[in-house]
Amino acid sequence: MTARLLSNPVEAQFLKTASLNHYFLNSQIFTRRTFKSHMERRDEVPTASTSVLEMLWSTLLEALPQGVVVLSRNMQPLYLNERANHLCQLLASGDRQPASPPLVISEIGHRLLKNASSTKQPLVVERQTPQGHLIRIRASWLQVNPTDGVASSANDSQYILVILENCTEVLREELQIEQKRYDLTERETEIWMLLRQEYSYQEIAKTLRISLNTVKTHVKNVYAKKRSCQGREQVVVF
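(A) Layout of the packing of aromatic side chains. If you walk through the whole model with that rule in mind, you get one aromatic pair. Relative to tyrosine 223, the ring of tryptophan 192 has its centre 5.4 Å away and its plane inclined at 90°; by these criteria the two rings are edge-to-face. Of this pair, tryptophan 192 sits in helix α7 (residues 186-196) while tyrosine 223 sits in helix α9 (residues 212-228), and the two are 31 residues apart along the sequence. Since its relative accessible area comes to 37%, tyrosine 223 is described here as partly exposed.

(B) Structural view of the pattern of salt bridges. Applying the stated criterion across every chain, the model contains seven salt bridges. A salt bridge links arginine 83 to glutamate 169; the shortest N-O distance between them is 2.4 Å. Placement of the pair is arginine 83 in helix α4 (residues 82-92) and glutamate 169 in helix α6 (residues 167-182), with a sequence separation of 86 residues. Among the ionic pairs, glutamate 174 bridges to arginine 196, the shortest N-O distance being 2.7 Å. Separated by 22 residues along the polypeptide, glutamate 174 in helix α6 and arginine 196 in helix α7 bring together distant segments of the chain. Salt bridges linked by common partners bring Glu126, Arg136 and Glu165 together as one network.

(C) Structural view of the side chain of glutamine 179. Looking at where glutamine 179 falls in the secondary structure, it is placed in helix α6. With a relative accessible area of 17%, glutamine 179 lands in the buried category. Within the local environment of glutamine 179, its side chain forms a polar contact with the side chain of threonine 189, the two groups lying 3.5 Å apart. Once residues lying within four places of it in the same chain are set aside, the contact partners of glutamine 179 are Leu184, Thr185, Glu186 and Thr189.

(D) Structural detail: the sheet that holds strand β5 (residues 123-128). Pairing in this open sheet of five strands is antiparallel, and the strands run β4-β3-β7-β6-β5 from one edge to the other. Taken across any chain shown, the strands that pair with only one partner, and hence form the sheet edges, are β4 (77-80) and β5. Across this sheet, the average inter-strand angle for adjacent strands is 20°, counted without regard to direction. Examined bridge by bridge, β5 and strand β6 (residues 134-143) share six bridges and lie antiparallel to one another. By the bridge assignment, glutamate 126 is partnered in β6 with arginine 136. Contacting β3 (67-71), β4, β5, β6 and β7 (158-166), α4 runs over the sheet at an angle of about 75° to β7. In this fold helix α5 (residues 103-114) packs onto β3, β5, β6 and β7, with an angle of close to 160° to the strand it touches most, β5.

(E) Quick look at the packing of α7 against helix α8 (residues 201-208). Closest axis-to-axis distance for the α7/α8 pair is 10 Å, and the angle between their directions is 130°. Compared by their axis directions, α7 and α8 come out oblique. Once α7 is placed against α8, the crossing between them reads as right-handed. Touching Arg187, Glu190, Ile191, Leu194 and Leu195 of α7 are Tyr201, Ile204, Thr207 and Leu208, all from α8. For the contact of α7 with α8, a count of residues per class yields six nonpolar, one polar and two charged.

(F) Representation of the side chain of glutamate 188 within the structure. As for its position among the elements, glutamate 188 is in helix α7. Within the structure, the side chain of glutamate 188 is placed 3.0 Å from the backbone nitrogen of threonine 185, a separation counted as a polar contact. Setting aside its immediate chain neighbours within four residues, glutamate 188 contacts Asp183, His218, Asn221, Val222 and Lys225.

What counts and how
- Residues numbered from 1 in each chain as written.
- Predicted model: local features only at pLDDT ≥ 70, side-chain atom pairs only at ≥ 80, totals over all residues.
- Heavy atoms only, no water.
- Phe/Tyr/Trp six-rings, centres within 6.5 Å; stacked < 30°, edge-to-face > 60°.
- Helix = DSSP H or I, 4+ residues; strand = E, 2+ residues; numbered from the N terminus.
- Buried < 20%, exposed > 50% of the residue type's maximum accessible area, 1.4 Å probe, protein only.
- Salt bridge = Lys/Arg side-chain N within 4 Å of Asp/Glu carboxyl O.
- Polar contact = N/O pair within 3.5 Å; in protein donor to acceptor, adjacent residues only side chain to side chain.
- Contact = heavy atoms within 4.5 Å.
- Pairing = 2+ DSSP bridges.
- Axes fitted to C-alpha atoms, helices over the stretch in contact; angles between N-to-C directions.
- Parallel < 35°, antiparallel > 145°, perpendicular 65-115°, else oblique.
- Left-handed = near helix turned anticlockwise from the far one by under 90°.
- Nonpolar A, V, L, I, M, F, W, Y, C, P; charged D, E, K, R; others polar.

Now the structure itself:
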């Protein structure tokens, strides 16, 4: 009989997929055997249907635009998808002493541990990478029920779920849509992106090496194009 690992079937399938492939972070490889020892996997004989379902969930996790990381209470990565691996490498490139996981993820994980008794709310921080990417890190508890018939303490049944999102890439995708929707020029799009990143007019002029009046003119044109499109629905096709 298949033992119950998680109370939430979605979370159960999520964690099951972590044992299918090899995942690495900063050259450290987490294999199926490693994950199994951490999670105290139950004994079961895979069926054809469960294998297909696991394959689908694995494909789904790899297709997500966000990075997904599962940490133990001692900040050891138990699972990460390929997107998380890439974003973690970006975050770790700014560390003086590279660690696994990156220091910023360890720090937010320790903050979550410290506040475990007072709040169950997720912690969210943003970190700028040396490459200029703004990464949003969201950490929350992932509650796991112990395997049937196996005694487990409360600490053994809690894991940390970390979601990583590259806000800079998301903004660029949004601007591609707005550029076509409002028929913005390349320069207008460039200036509009800096405005969305909360640059001042003076900072934009300095960054792009143009005059302040030129910046103001382009911004005025952007707002004029946006106003002219209000009330008109457009389907943007790339």
